[in-house]
Amino acid sequence: MAPIPRSWQRGSTRRHRRSRWETSRGQCSRPSRPAPRGGERAPRPLERGLSWASPFGRTSMIATAVRVRFAPSPTGYLHVGGARTALFNWLYARNQRGRFILRIEDTDQARSTEEACGAILRALEFLGLDWDEGPGAEGDHGPYLQSQRLPRYRQTLEALKASGRVYPCYCTPEELDARRELAVARGQMPGYDGRCRELSVSQRARLEAEGRAASWRLRAPTEGVTAWTDLVCGRREFQNALLSDRVLSRADGFPTYNFAAVVDDHEMAISHVLRGDDHVSNTPVQLLIYDACGWLPPKFGHLPMILGPDGKRLSKRHGATSVEEFETMGILPDALLNYLALLGWSPGVEGEEIYAREQLVRKFSLKRVASSPASFDYRKLDFINGEHIKRLPPQRRAALVRPRLQERGWQVDVAWRTPAGADAELYLDLVLRALGNRFNDLRRVLDQVAYFFTEDYPVDAAAVATDLGADEARARLARLADNLTAADDGVSVMPAAGFEKVARDTVAQLDVEASLLIHPCRVAVTGQLASARIFPVLELLGAPRVIARLRRAAGLG
RNA sequence: GGCCCCAUCGUCUAGUGGCCUAGGACGCUGCCCUCUCAAGGCAGAAACACGGGUUCGACUCCCGUUGGGGCUACCA
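Here the residue index of a chain counts from 1 through its sequence in written order. Just so you know, chain letters begin at A and ligand numbers begin at 1, following the order they were written in. This being a predicted model, a pLDDT of at least 70 is required before a residue's local features are given, and a value of 80 or more before pairs of side-chain atoms are given or counted; all residues contribute to the totals for chains, interfaces and linings. Just so you know, side-chain values use all the structure's heavy atoms and leave hydrogens and water out.

Enquirer: Can you help me understand the overall build of chain A in this one?
Expert: For helices the rule is a DSSP run of H or I covering at least 4 residues; for strands it is a run of E covering at least 2, with both sets numbered from the N terminus onward. Scanning chain A from terminus to terminus reveals 22 helices and 11 strands. Classification of residues uses two cut-offs on accessible area relative to the type maximum, computed with a 1.4 Å probe and protein chains only: under 20% is buried, over 50% is exposed, and between them is partly exposed. For chain A, buried positions account for 50% of its 557 residues. A separation of at least 24 residues holds for 76% of the contacts in chain A among residues at least 6 apart in sequence. Under the convention used here, a 1.4 Å probe and the Shrake-Rupley method define accessible areas, while residue burial counts only the protein chains that appear. Element-wise, carbon and sulfur atoms account for 52% of the exposed surface of chain A, whose accessible area totals about 26600 Å². Should any heavy atoms of two residues lie within 4.5 Å, those residues are considered in contact.

Structure follows, in structure tokens:
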């Protein structure tokens, strides 16, 4: 087996403080954070006049610190796609010794909920993707909830109005929809038709007199191209003619996604935007907004999508999709991270694909991110999870099982005469050691150890029928029980070797194949066809229970 | 419909013009080990979507076809 990475020996290396979520509860909807020192920061003045003419006028050659962000909108649980995006950002930040920022994009008042926000934060905590700035970890660039940043968007909008880079649009959503449908029906482009772009002062006054509220649209260029070099897929470009004038500020005064994201990414000094492929077409729009504001855009990298096993977008009908579901399935956070990292990224070396999180951090590179979409493979996740479980140090494996055992009220009785006496901790440890590599699935382990802790353990009826159905088999078990009784002094712990000697002697007396005794014995004692090696199991069970179970199986008990 | 992207074993991928008789991982098959089951060891089946170019030479570069995906909002 490969050398065990330090993290598995040391236990958790998660950097985040366990208490963060507890202390950050409620941050999502209520700004209970202390007021920033010195009150509100002065708004950064908008640089007017050097935008289109000189979009890179403010380029600095000084390498800036890496600041990346994960910006979920709290409209549901954390999807594995989102988790993968968060992971890649986190890995990049940790690898580059940068900062990982968490920002909640809750400008959609109708769909955002506090529960969803809490669920997302909890899922990130479960995964151990700790954020340096964000809810519960206020930094210099907060607040980190968009709903608390409204004044900032308003300020930027005012500056844009002053520079003439936005114009009011009085079309209602209904009118827009109707015209869009018409355009599509005619085979034309569905984008905004520019109706309000060149309105005169008097026309605007008339529309406003009708009581129409204005949304504000970016006056975007109608020719040329908007291009960028994507960190993942290289040069990308879009025809400006295809990019219609987008709404930056809705009629209700709330910013749209593209506008809020740009303002926030700029004000939070984000250096790299790593997000899902589904955002590529937003990028030229955002680039235009940066330009209009006179800001230098960050670098962009678009991660390929995660598809279901059938190549369609991953959805619930494929199986689990939320981090929470994987947690209840018994998937370890590090295993999920390991698997997710391999979806769309490769370490570029052959052999083992099992990595502890700090190995991922060390190896991660944007250069090795794939540009093609990947299908989610639940079986490989299971394999990786099993490998992670197998590499856990004994105490941590015990910690995974213990609460579930306690939940069922299982305990250890000194009368069993096990090597652990009545020490439950030691007993669990010994049981898990006996199980060894067979313990690689949290969903199964409870059934695998049940017969050590209770008489009410699951029994495989088919196994009983085949292995204990014959009279000869039961007679052999009765003989074994008798011989064990004779060998047992009623006081001391019988070691595995002791059980084995009695069993071998019994086989010799009976003059049969050893397996003809051992297999029925296993079924009689564990209820299962498969278990850990039988003699250590018998030792852990203790002679009293072994003899009782044998007699019961033999029909004598 | 329009725009954009993607294309190597069933799946995740390595591969940046000759190292490729295409490598690894999961899964699958067989054998070994063996008290069962796992684990482990060994072996095996399994792919460059198709068609044109470019080149002395294409998995690698270009074009087209096909297939898949994304976007096309006063959602994010």
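Don't stop here, the text continues.
Enquirer: Could you clarify how one ought to interpret the side chain of Ser244 in this entry?
Expert: Position of Ser244 relative to the elements: it lies in the loop between β6 (234-239) and β7 (247-249). In this view, Ser244 contacts Gly191 and Tyr192; residues no more than four positions away in its chain are not counted.

Enquirer: Can you help me understand the protein's contact with RNA strand B in this one?
Expert: It suffices for a single heavy atom of a residue to lie within 4 Å of a molecule or strand for the residue to be listed as near it. Taken together, the neighbourhood of RNA strand B is formed by 58 residues, with Cys171, Arg250, Ser281, Gly351 and Asn437 sitting nearest. Restricting attention to atoms of RNA strand B within 4 Å of the protein, one finds that 72% of them are sugar or phosphate atoms. A distance of 3.4 Å separates a phosphate oxygen of RNA strand B from a polar side-chain atom of Arg217. A distance of 2.8 Å is found between a sugar or linking oxygen of RNA strand B and a side-chain nitrogen or oxygen belonging to Arg379. Put simply, the parts of the chain that give the surface near RNA strand B at least two residues each are α6 (173-185), β4 (215-218), β11 (374-375), α13 (378-391) and α20 (514-526). Contacts described as polar in this section are N or O atom pairs within 3.5 Å, which, within protein, must combine one atom able to donate a hydrogen with one able to accept it, while residues neighboring in sequence count only if both atoms come from side chains.

Enquirer: I'm lost on the pattern of salt bridges in this one. Help?
Expert: Pairs may arise between side chains of opposite charge once their charged atoms sit close together. Any Lys or Arg side-chain nitrogen located within 4 Å of an Asp or Glu carboxyl oxygen qualifies as a salt bridge. One pass over the structure, following the stated rule, counts 42 salt bridges. Close ionic contact of Arg94 with Asp130 constitutes a salt bridge, the shortest N to O distance being 3.4 Å. Here Arg94 is found in helix α3 (residues 80-95), whereas its partner Asp130 is found in the loop between α4 (114-127) and α5 (150-162), with 36 residues between them in sequence. Accessibility classification places Arg94 together with Asp130 in one group, the buried group. Here Asp264 and Arg149 are joined by a salt bridge, their closest N and O atoms 2.6 Å apart. Within this pair, whereas Asp264 is found in helix α8 (residues 257-267), its partner Arg149 is found in the loop between α4 and α5, the two being separated by 115 residues in sequence. Across the pair, Arg149 and Asp264 agree in class, each one buried.

Enquirer: I'm lost on the packing of aromatic side chains in this one. Help?
Expert: For any pair of aromatic rings, the description consists of the separation of the ring centres together with the inter-plane angle of the planes. What counts as a ring pair is set by centres within 6.5 Å for rings of Phe, Tyr and Trp (its six-membered ring), and what kind of pair is set by the plane angle: stacked under 30 degrees, edge-to-face over 60, tilted for all other angles. Under the counting rule described, the total for this entry stands at 13 aromatic pairs. A centroid spacing of 6.2 Å and a plane angle of 20 degrees characterise the contact between Phe326 and Tyr378, whose relative ring orientation is stacked. In this pair, Phe326 sits in helix α10 (residues 323-328) while Tyr378 sits in helix α13, placing the two residues 52 residues apart along the sequence. Here Phe326 matches Tyr378 in class, with each residue buried.

Enquirer: What am I meant to see in the sheet that holds strand β3 (residues 166-169) here?
Expert: What holds strands together in a sheet is hydrogen bonding between their backbones, with the strands either parallel or antiparallel. A pair of strands is considered paired only if DSSP assigns at least 2 bridges between the two. Taken in spatial order, the 3 strands make up an open sheet running β3-β4-β7, and their pairing is antiparallel. Each having just a single partner strand, β3 and β7 make up the two edges of the open sheet. Averaged over neighbouring strand pairs, the angle between their axes works out to 45 degrees when direction is ignored. Where β4 and β7 come together, 2 bridges link them in antiparallel fashion. Considered in β7, the bridge of Trp216 is made with Ser249. Comment: axis = line fitted to C-alpha atoms, over the contacting stretch for helices; angle = value between 0 and 180 degrees taken between N-to-C directions.

Enquirer: Honestly, the nonpolar core in this entry has me stumped. Any pointers?
Expert: In summary, soluble globular proteins display a tendency toward joint burial of nonpolar side chains. By size, the foremost hydrophobic cluster in this structure holds 114 residues, and its most contacted members are Phe376, Tyr427, Phe452, Phe453 and Leu550. With 9 residues, the single largest contributor to this core is α3. Leave out the neighbours within four places in its chain, and Tyr427 touches Val412, Trp416, Thr418, Ala420, Phe452, Phe453, Leu540, Leu541 and Arg545. The next biggest cluster of nonpolar side chains, apart from the first, holds 41 residues, and it includes Leu199, Ala214, Ala220 and Val263. Here, nonpolar core refers to any group of buried Ala, Val, Leu, Ile, Met, Phe, Trp, Tyr and Cys residues whose side-chain atoms link them within 4.5 Å.

Enquirer: So what exactly am I meant to see when it comes to the pairing of strand β5 (residues 225-230) here?
Expert: Side-chain direction in a regular strand flips from residue to residue, so the side chains alternate between the two faces of the sheet. Every second residue of β5 is oriented toward a common face, the buried set being Thr226, Trp228 and Asp230 and the non-buried set Val225, Ala227 and Thr229. Where β5 folds back onto β6 in an antiparallel hairpin, the turn is made up of 3 residues.

Enquirer: Help me out: how do you make sense of the packing of helix α17 (residues 461-468) against α20 in this one?
Expert: Two quantities define a packed helix pair, namely the angle between the axes and the distance from one axis to the other. Remark: α17 packs on α20, axes separated minimally by 9 Å, with the N-to-C direction vectors making an angle of 145 degrees. Crossing hand, α17 versus α20: left-handed. Between α17 and α20, the residues in contact are Ala463, Val464, Asp467 and Leu468 and His519, Pro520, Val523 and Ala524, respectively. Ten residues, namely Ala, Val, Leu, Ile, Met, Phe, Trp, Tyr, Cys and Pro, are considered nonpolar, four, namely Asp, Glu, Lys and Arg, are considered charged, and the remaining ones, Gly among them, are considered polar. Of the residues that constitute the contact of α17 with α20, the class distribution is 6 nonpolar, 1 polar and 1 charged. Crossing handedness follows the turn of the near helix against the far one: under a right angle anticlockwise gives a left-handed crossing, and clockwise gives a right-handed one.

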